[in-house]
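# Descriptive analysis of the structure
Chain residues, written in single-letter form:
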Amino acid sequence: MRPAFPCHKPSTLEKPAMNQPSQYRDMPTRVATPSIFTWLILVIFLALFIQGLSGAGFTPDRLLRGAGNLGSFFAQAMPPDFSRIGPIAKAMYETFQMALVGVTFGVILSLPMALLCARNTSPAAPVRVVCRGTVATLRTIPDLVWALIFVVAVGLGPLAGILAIIMDTIGFCARFFSERVEEIRPGPSEALASTGAGRMQVITGAVLPEAFPSFVATSLFAVEKAVRSAVVLGLVGAGGIGVELNTAMTMFRYDQALTIIMIILVVVIGVEQLSSAIRRRVL
Amino acid sequence: MRDIRVHDISKVFPNGTRALDKVGFELGAGESAVLLGHNGSGKSTLLRCLNALERPTAGRVEVGGINLTSARGASLRMLRRDIGVVFQRINLVPNLSAFQNVLFGAMGRQRGLLGSLSITASAEDRAFAMHCLERVSMAHLASQRADTLSGGQQQRVAIARTLMQRPSVILADEPIAALDPKAGQRVMELLWSVARDEGMTVICTLHNLSVARIYGERFIALVSGRKVIDAPAAKVSDADLKALYADADTAEDDGDAPGLSMPQAVNA
Ligand SMILES: Nc1ncnc2c1ncn2[C@@H]1O[C@H](COP(=O)(O)OP(=O)(O)OP(=O)(O)O)[C@@H](O)[C@H]1O
Ligand SMILES: [Mg+2]
């Protein structure tokens, strides 16, 4: 123990008083000394950061040229070409549908999955471990990779996109659903069990009603997320507006590309506004 | 009508806490007992063992002659149907209506998943739920969300849920702890009049000794998980009851503290 106040003269009073701080052997230091582990993490982080920065060719020169290119992109994109607004709107609509259908199936599948993952509703530990592993895997694989896989499996088009969104939604929703289920106070469930209710009855009676508002909020986040990812999925041929955007870009029709980007912006913002309005109502 | 036989049960929690130490007693069908003891003396644990929410680590519990401790699955559910519990912390499903919470009392009688939801419940069940709410004078708040009710109102709804269950045993764990004196008195009167009307066997935990005096026919008291009093109320003196709490400080921290003086055991 190091003396906290070296200048302090030991008191001769009988009663231990507040002016004898040294009697508290375990008083925490003002700032916790970082452990070796913390230092190690810091050093590794700095090394990776500096290497990454130089590897990306992050030079002022290139940034300037990039800004110039961007300028010429916008110069060519202006004014946006609305002549193909019909097919573009249709593709956007298709994108939105992909997201909605994918999320709906994803949420439906997430429910049982979440109940199997949550500690308080899972029937057995091995089931829980397997389900958690599955959900973690689904979440780890990015949506774009799922889309690539499903394009191979079911061919180009919206079906591949929908399947990719389903996988992504399960990874997202099952995790947050099960975390919410685990947060539920055990009291009401126990009260129902004490009346002779079975496991499934307890779940429908006490667990789901209490978790429902949070499930709705999470599902709405999933819709927002799915609309954004549905846009990108088209770039690998999994249907939707991404296909249009890809075509416009490769054919240097930046004026059409700008129209598409503007429409995406409007729809994504619209969906986010709508979903937060619904969330406010439910919660 | 069911009696309760507790054969020397002990409960040691996985973390090593010995909550009950060879507690045994018998309570005849239709009789009532008030359970007393300091905080952490094991009252809730004992009641939980009587509904198999907790399993004793030794000994066994028989309710109506059936061994509760070894019951599992469907036979456990059958037995639990007949044992109503009013919890220390009010355990209503917060975002459902009072009416819906009362309907859940019938869950044990239904086989399906949806039988006790407000939209799917049978007309008889709905009518009986309303009757139960009337019994606790809460019918006028039937459609209010449980978490918007006051503590006393919630506890009355919890009692209505237990009535809906139509049990022959009621275990009440400090049913009035969260209530003001007036509301507490009403809840106790309600509980006791219902139990008398239906011939139910009742064990009720209380911290308020004057309330215990009013309602207790028989006192059972625990100190650090051991039964120290089990006698008709008339034979237990106020000094005996006071002594239960005198050593609470030492007793809660460490049940095996040396020099812990136990109140004189009073047994009838
Ligand atoms: N799940 C548990 N795990 C570990 N210890 C527990 C658990 N439940 C209760 N205990 C311990 O068992 C002892 C008895 O607890 P219990 O809740 O039965 O006391 P009580 O008499 O109901 O107290 P109170 O008057 O405060 O309600 C306490 O020491 C408590 O800390
Ligand atoms: Mg208790």
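Preceding block: the structure.
Before going into details, it helps to say that this report is about the structure given with it. Not measured: the values here are computed from a predicted model.

### Considerations on the overall build of chain A
Of the regular secondary structure elements, chain A holds 10 helices and 0 strands. Scanning chain A from its N terminus toward the C terminus, one meets helices and strands in the order α-α-α-α-α-α-α-α-α-α. A compact globule built from 283 residues should have a C-alpha radius of gyration of about 19 Å, whereas chain A, at 28 Å, is more than 25% larger. A buried classification covers 38% of the 283 residues belonging to chain A. Sequence-distant contacts, at least 24 apart, represent 73% of the contacts inside chain A between residues at least 6 apart. Per element, the accessible surface of chain A, about 17000 Å² overall, is 70% carbon and sulfur.

### Describing the nonpolar core
Ranked by internal contacts, the top residues of the largest apolar core, which has 56 residues, are Leu36, Leu133, Leu206 and Phe219 of chain B. Take this core: its biggest share by element is 8 residues, from helix α6 (residues 181–198) of chain B. Two domains each donate at least three residues to this core, and these are domain 1 (4–82 + 168–267) and domain 2 (93–166) of chain B. One finds Val107, Ala174, Val227 and Val271 of chain A within the second-largest nonpolar core, a separate group that totals 52 residues.

### Focus on the interface of chain A and chain B
Contact with chain A, which involves 20 residues of that partner, is made by 25 residues of chain B. Interface area, chain A with chain B, both sides summed: about 1800 Å², of which 59% is carbon and sulfur. Among the residues chain A hides against chain B, the three largest losses belong to Ser194, Thr195 and Gln201 of chain A. Together they make up 31% of the total. On inspection of chain A and its partner chain B, the count reaches 1 salt bridge. Across the pair Glu190 of chain A and Arg48 of chain B runs a salt bridge whose closest N-O atoms are separated by 2.8 Å.

### Here's the deal with the site of ligand 1
All names here are of chain B. In the region of ligand 1, 15 residues are neighbours, and Asn39, Gly40, Lys43, Ser44 and Thr45 sit closest. In this structure, an oxygen atom belonging to ligand 1 sits 3.2 Å away from a main-chain N or O atom of Ser41. At 3.0 Å, a backbone N or O of Gly42 approaches an oxygen atom of ligand 1. For ligand 1, the protein covers 67% of the area, taking 640 Å² as the surface of the free molecule. At 3 residues, the largest contribution of residues to the shell around ligand 1 is made by helix α1 (residues 43–49). Of the residues in the shell around ligand 1, the class split is 2 nonpolar, 11 polar and 2 charged.

### A closer look at the coordination of the magnesium ion (ligand 2)
Residues and elements named next belong to chain B. Ser44 (OG) and Gln88 (OE1) make up the full set of protein donors to the magnesium ion (ligand 2), lying at 1.9 to 2.3 Å. Of the two residues, Ser44 sits in helix α1 while Gln88 sits in the loop between β6 (83–86) and α3 (98–103), which places them 44 residues apart along the sequence. Looking at Gln88, the relative accessible area reads 32%, which means it is partly exposed.

### Section: the pattern of salt bridges
Residues and elements named next belong to chain A. Taken as a whole and assessed by the stated rule, the structure comprises 25 salt bridges over all chains. Here Glu179 and Arg175 are joined by a salt bridge, their closest N and O atoms 3.4 Å apart. Of the two residues, Glu179 and Arg175 are both situated in helix α6 (residues 158–183); the distance of 4 residues between them amounts to about one turn of the helix. Assessed through its relative accessible area of 33%, Arg175 is described here as partly exposed.

### Examining the layout of surface pockets
Roughly 540 Å³ of internal volume is contained in the largest pocket. The wall of the largest pocket is formed by 21 residues, among which Ser189, Glu190, Ala193 and Val202 of chain A together with Arg80 of chain B lie closest to the centre. Of all the secondary structure elements, the ones that give two or more residues to the lining of the largest pocket are α7 (186–194) and α8 (199–233) of chain A together with α2 (73–81) of chain B. When the residues that make up the lining of the largest pocket are grouped by side-chain class, the tally is 10 nonpolar, 4 polar and 7 charged.

Rules used throughout
- Here the residue numbering is sequential within each chain, running from 1 through the sequence in written order.
- Following the order in which they are written, the chains are lettered starting with A and the ligands numbered starting with 1.
- Reporting in this predicted model follows two pLDDT cut-offs: at least 70 for local features of residues, and 80 or more for side-chain atom pairs to be given and counted; totals over whole chains, interfaces and linings ignore these cut-offs and use all residues.
- By convention in this description, side-chain values take in all heavy atoms of the structure and omit both hydrogens and water.
- Each helix is a run of DSSP H or I of at least 4 residues and each strand a run of E of at least 2, with the numbering of both proceeding from the N terminus.
- Throughout, the radius of gyration refers to the C-alpha atoms, and the reference size of a globule is 2.2 Å times the residue count to the power 0.38.
- Residue exposure (1.4 Å probe, protein chains only): buried if accessible area is under 20% of the type maximum, exposed if over 50%, otherwise partly exposed.
- The contact criterion used is simple: two residues touch if any of their non-hydrogen atoms lie within 4.5 Å.
- Note that accessible areas follow from Shrake-Rupley with a 1.4 Å probe, and for residues the cover is restricted to the protein chains shown.
- For this analysis, a nonpolar core means a set of buried residues of the types Ala, Val, Leu, Ile, Met, Phe, Trp, Tyr and Cys, connected via side-chain atoms within 4.5 Å.
- For every domain, the bounds stem from an assignment made automatically or drawn from a database.
- Computed with a 1.4 Å rolling probe, the buried area is the accessible surface lost when two parts are put together, summed over both parts.
- Any Lys or Arg side-chain nitrogen located within 4 Å of an Asp or Glu carboxyl oxygen qualifies as a salt bridge.
- One heavy atom suffices: a residue is near a molecule or strand as soon as one of its heavy atoms comes within 4 Å of it.
- Any pair of N or O atoms that falls within 3.5 Å is considered a polar contact. Within protein, one atom must be able to donate a hydrogen and the other to accept it, and sequence-neighbouring residues count only if both atoms are side-chain atoms.
- Here the term charged refers only to Asp, Glu, Lys and Arg, the term nonpolar to Ala, Val, Leu, Ile, Met, Phe, Trp, Tyr, Cys and Pro, and the term polar to all other amino acids, Gly among them.
- Donor selection uses N, O and S atoms within 2.8 Å of the metal (3.2 Å for Na, K and Ca). Since no water is included, sites may look incomplete.
- Points on a 1 Å grid, built from protein atoms alone, make a cavity when a 1.4 Å probe fits but cannot get out and make a pocket when they are open with protein on both sides within 12 Å along at least 5 of 7 lines; residues with an atom within 4 Å of a point are the lining residues.
- Grid points are joined across faces, edges and corners, and a volume is the space filled by probe spheres set on the points.

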